[in-house]
Amino acid sequence: MIFALGLVTGACAQPYPAKPVRLIIASAAGGGIDLLARIMAPKFSEFMGQPVIVDNRPGAGGTIGYEYGIRAAPDGYTLTIISSTYTVNPSFYPLKFDAVNDCTPISQLVKFPHVVVVHPSLPVRNIRELITLAKANPGKITFGSSGQGAIIHLSTELFMEKAGIRMTHVPYRGGGPALNDVIAGQISLVFAPPQTGLPQAKAGRVRALAVTAKEPLAAEPDIPGMVQSGLPDFKVLSWHALIGPKGLPQAVIERVNRDIGKTVQSREVEARVLADGVSPAASTPEVLRARLQQEVPMWKSVVSRARIRLD
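All of the points below concern the structure found in this document.

### What to know about the pattern of salt bridges
Between side chains of opposite charge, a pair can form as their charged atoms come close.
Stage number 1. The full count for this structure, using the stated rule, is 11 salt bridges.
Stage number 2. Residue E157 pairs with R166 through a salt bridge whose shortest N-O separation is 3.4 Å.
Stage number 3. Of the residues examined, E157 reaches a relative accessible area of 9% and is grouped as buried.
Stage number 4. For R166, a relative accessible area of 42% puts it in the partly exposed group.

### Regarding the sheet that holds strand β9 (residues 207-211)
Stage number 1. Across the sheet, which stays open at both edges, the five strands sit in the order β7-β6-β8-β5-β9 with mixed pairing between neighbours. Looking at which strands have only one partner, the edges of the open sheet turn out to be β7 (168-171) and β9. The sheet shows a mean angle of 30° between the axes of neighbouring strands, taken without regard to direction.
Stage number 2. Sheet analysis places strand β5 (residues 115-118) next to β9, joined by four bridges and oriented antiparallel. For V117, the partnering residue across the bridge sits in β9 and is A208.
Stage number 3. Along the sheet, helix α7 (residues 175-183) contacts β5, β6 (142-145) and β8 (189-192); its crossing angle with β8, the most-contacted strand, is approximately 140°.

### Regarding the packing of aromatic side chains
The description of two aromatic rings rests on the distance between their centres and on the angle between their planes.
Stage number 1. The full count for this structure, using the stated rule, is five aromatic pairs.
Stage number 2. With centroids separated by 5.6 Å and ring planes inclined at 65°, the aromatic side chains of F159 and F234 adopt a geometry described as edge-to-face. Of this pair, F159 sits in helix α6 (residues 151-163) while F234 sits in the loop between β9 and β10 (237-245), and the two are 75 residues apart along the sequence. The pair F159 / F234 is uniform in exposure class, with both members buried.

### Overview of the environment of K235
Stage number 1. Along the chain, K235 falls in the loop between β9 and β10.
Stage number 2. Looking at K235, the relative accessible area reads 45%, which means it is partly exposed.
Stage number 3. Separated by 121 residues in the primary sequence, K235 and H114 place their C-alpha atoms 9.8 Å from one another.
Stage number 4. Not counting residues within four places of it along the chain, the set of residues in contact with K235 comprises T212, A213 and K214.

### Quick look at the sheet that holds strand β4 (residues 103-113)
Stage number 1. The six strands lie next to each other as β2-β1-β3-β10-β4-β11, forming an open sheet whose pairing is mixed. In this open sheet, the two strands that pair with only one neighbour each are β2 (52-56) and β11 (279-280).
Stage number 2. Relative to β2, strand β1 (residues 21-25) runs parallel, the two being bridged by five bridges. Opposite R22, over in β2, you have I53 as the bridge partner.
Stage number 3. Sitting on the sheet, helix α9 (residues 250-264) is in contact with β3 (78-83), β4, β10 and β11, with an inclination near 15° to β4.

### Remarks on the nonpolar core
One broad rule of soluble globular proteins: the nonpolar side chains tend to lie buried together.
Stage number 1. Core analysis: the largest hydrophobic core is formed by 49 residues, its most contacted members being I127, L130 and F159.
Stage number 2. Elements with a minimum of two residues in this core: β5, α5 (127-136), α6, α7, β8, β9 and α11 (285-306).
Stage number 3. The element contributing the most residues to this core is α6, with seven residues.
Stage number 4. Those residues in contact with I127, other than ones at most four positions away along the chain, are V116, F159, L209, A210, M226, S229 and L231.
Stage number 5. The next biggest cluster of nonpolar side chains, apart from the first, holds 31 residues, and it includes F44, I106, L248 and V252.

What counts, and at which threshold
Residues numbered from 1 in each chain as written. Predicted model: local features only at pLDDT ≥ 70, side-chain atom pairs only at ≥ 80, totals over all residues. Heavy atoms only, no water. Salt bridge = Lys/Arg side-chain N within 4 Å of Asp/Glu carboxyl O. Buried < 20%, exposed > 50% of the residue type's maximum accessible area, 1.4 Å probe, protein only. Pairing = 2+ DSSP bridges. Helix = DSSP H or I, 4+ residues; strand = E, 2+ residues; numbered from the N terminus. Axes fitted to C-alpha atoms, helices over the stretch in contact; angles between N-to-C directions. Contact = heavy atoms within 4.5 Å. Phe/Tyr/Trp six-rings, centres within 6.5 Å; stacked < 30°, edge-to-face > 60°. Core = buried A, V, L, I, M, F, W, Y, C linked by side-chain atoms within 4.5 Å.

Set out below in structure tokens:
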């Protein structure tokens with residue numbers, strides 16, 4: 001009996017990680033966050049010394065997957081990749097968890113601005129001209145988004161507030177259909193992720209006016225940022241990050257933070273994400289926690305001022 005007890009104790013004391021690690025993705029396969037996870041998983045597995053399994057759990061704006069990850073055992077074997085929508089969801093959904101206090105922040109992963117793209121027929125070539133046209137024609141310029149209350153929608157609402165203009169929102173079931181309708185001339189503009197917006201701008205199907213960062217992207221210096229565009233107090237960056245359940249042991253936090261940081265900064269992963277206009281942005285847990293604490297109330301305020309409601 002003593003010998004058997006010793007075996008159990010020894011098994012429980014195995015150093016982390018002793019088995020495969022799951023990455024919960026709160027969206028369907030094929031989306032931006034899923035692609036990032038699948039780019040990172042092989043390298044992350046190499047550093048962790050265990051298989052890393054991508055587990056898609058989509059639904060309800062990401063809340064199903066997020067809740068599943070947060071409610072998992074705090075042992076480091078179920079981690080969740082979150083996106084900017086994680087800080088938007090508390091504005092719209094009756095969540096069963098606290099987005100800031102019921103998780104363990106581990107690290108940011110990547111960040112990227114959106115690209116403001118318009119149909120070539122719209123008679124504007126920069127943000128200043130867009131603002132002038134919108135002020136002269138309130139409500140007549142149409143903008144698309146990936147859905148009512150989506151990060152693209154809220155970003156454009158914040159932009160309109162800062163610029164003192166009003167445009168008409170046309171929600172779609174995803175950013176891809178919205179961009180396609182800008183290309184087709186059905187709507188005027190959209191704030192597109194660089195992964196999809198930049199290739200269309202380079203092909204001449206849309207015109208890129210600016211990026212929603214303060215400064216231009218290093219890879220696209222000819223597309224101005226918001227400082228050059230005359231709106232220095234407007235900036236919205238989308239991002240992906242890694243969290244765990246509340247109560248994750250400090251040793252696990254430190255190990256995962258170290259290895260995911262090495263993953264994001266590895267030559268293979270960095271080359272893949274930079275090619276899409278996305279910047280590696282590994283961070284300390286404290287930096288990620290500060291972002292969550294800042295963005296949840298920020299988006300609640302934007303939603304309240306713009307009186308946005310989900311259909």
